[in-house]
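Commentary on secondary and tertiary structure
Here is how the chains run, residue by residue.
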Amino acid sequence: MSGYSSRGPIAFLLAAAVLAACQMDTSESEILRAAETPGAPPGADPNACYARHVTPAIIETVTEQVLVQPPQIDASGAVIYPAVYRTETRQEIVRERKELWFETLCREDWTPEFIASVQRALAARGYYQGQAHGRMDHATRRAIRAFQVEQSVDSEVLSLAAARQLGLKEVAREE
């Protein structure tokens, strides 16, 4: 009898699924306290938290036919020698890589109660269609991104400015 157990593959698949779920939750790892971040934005409040969103560059391969020698045509219009072309291929940057830093709430502020408030506020504005359950799931992240795109912040991490627009964070008074 072999020492093979049917639980081995199941346990392996379960562990792989748990690891994959951890890797899919990237929004929290994007939230960084300025004092603990070597690449924080210049002049950042060291006690504030920031999120970084990187938009990758878009590079396009362009292929062109370049005329090397024009065709030779006789007086009657007949082609003696056809044109000769060379194929040139190059890479062009269509959109530059962009790195956007913006102030956000710190990790300790992301309580289930606060997340439920975010979900309710986004639902009231038509961005979220679900229960306010207080878990940061894919639907919540998608709704945050849809709301923030209008403010030129293409990120699933809620900016402090967006939280204020949603009425979820107090606006600091200038004295």
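First, a word on scope: everything that follows refers to the structure included in this document. What you see is a predicted model; the values in this text were computed from it and never measured.

Locating Gln 119 in the fold gives a position in helix α2 (residues 112–124). Under the relative-accessibility criterion, Gln 119 is labelled buried at 0%. Once residues lying within four places of it in the same chain are set aside, the contact partners of Gln 119 are Tyr 128, Gln 131, Ala 132, His 133, Gly 134, Arg 135, Asp 137 and Thr 140.

Looking now at the state of the cysteines. Taken as a whole and assessed by the stated rule, the structure comprises 1 disulfide. Note on cysteine connectivity: Cys 49 is disulfide-linked to Cys 106, with sulfurs 1.9 Å apart. Its torsion about the S-S bond being 105°, the disulfide of Cys 49 and Cys 106 is classed as right-handed. Taken as a pair, Cys 49 in strand β2 (residues 49–55) and Cys 106 in the loop between β7 (98–104) and α2 lie far apart in primary sequence, 57 residues in all.

A separate point is the environment of Pro 71. When you line up the elements, Pro 71 lands in the loop between β3 (58–69) and β4 (72–73). With 13 residues separating them along the chain, Pro 71 and Val 84 place their C-alpha atoms 7.3 Å apart. Residues contacting Pro 71, with those up to four places away along its chain left out, are Tyr 81, Pro 82 and Ala 83.

Attention shifts here to the side chain of Thr 140. Following the sequence through the fold, Thr 140 ends up in helix α3 (residues 138–149). Side chain to side chain, Thr 140 and Asp 137 meet in a polar contact 2.5 Å long. The contacts of Thr 140, once residues within four sequence positions are left out, are Gln 119, Leu 122, Tyr 128 and Arg 135.

To continue, consider α2. In this model, α2 (13 residues) spans 18 Å end to end at C-alpha, consistent with the 18 Å of a helix rising 1.5 Å per residue. Among all positions of α2, only Phe 114, Ile 115, Ala 116, Val 118, Gln 119, Ala 121 and Leu 122 are buried. Tucked inside the fold, the buried residues of α2 contact α3. The positive-phi residue at the C-terminal boundary of α2 is Gly 126, with phi of around 85°.

Under the counting rule described, the total for this entry stands at 7 salt bridges. Across the pair Glu 99 and Arg 52 runs a salt bridge, and its minimum N-O distance is 3.1 Å. You can see Glu 99 sitting in strand β7 and its partner Arg 52 sitting in strand β2, a full 47 residues away along the chain. Where salt bridges share partners, they join Arg 52, Arg 97 and Glu 99 into one cluster.

Conventions we followed
- Residues numbered from 1 in each chain as written.
- Predicted model: local features only at pLDDT ≥ 70, side-chain atom pairs only at ≥ 80, totals over all residues.
- Heavy atoms only, no water.
- Helix = DSSP H or I, 4+ residues; strand = E, 2+ residues; numbered from the N terminus.
- Buried < 20%, exposed > 50% of the residue type's maximum accessible area, 1.4 Å probe, protein only.
- Contact = heavy atoms within 4.5 Å.
- Disulfide = S-S within 2.5 Å.
- Polar contact = N/O pair within 3.5 Å; in protein donor to acceptor, adjacent residues only side chain to side chain.
- Expected span 1.5 Å × (residues − 1).
- Salt bridge = Lys/Arg side-chain N within 4 Å of Asp/Glu carboxyl O.

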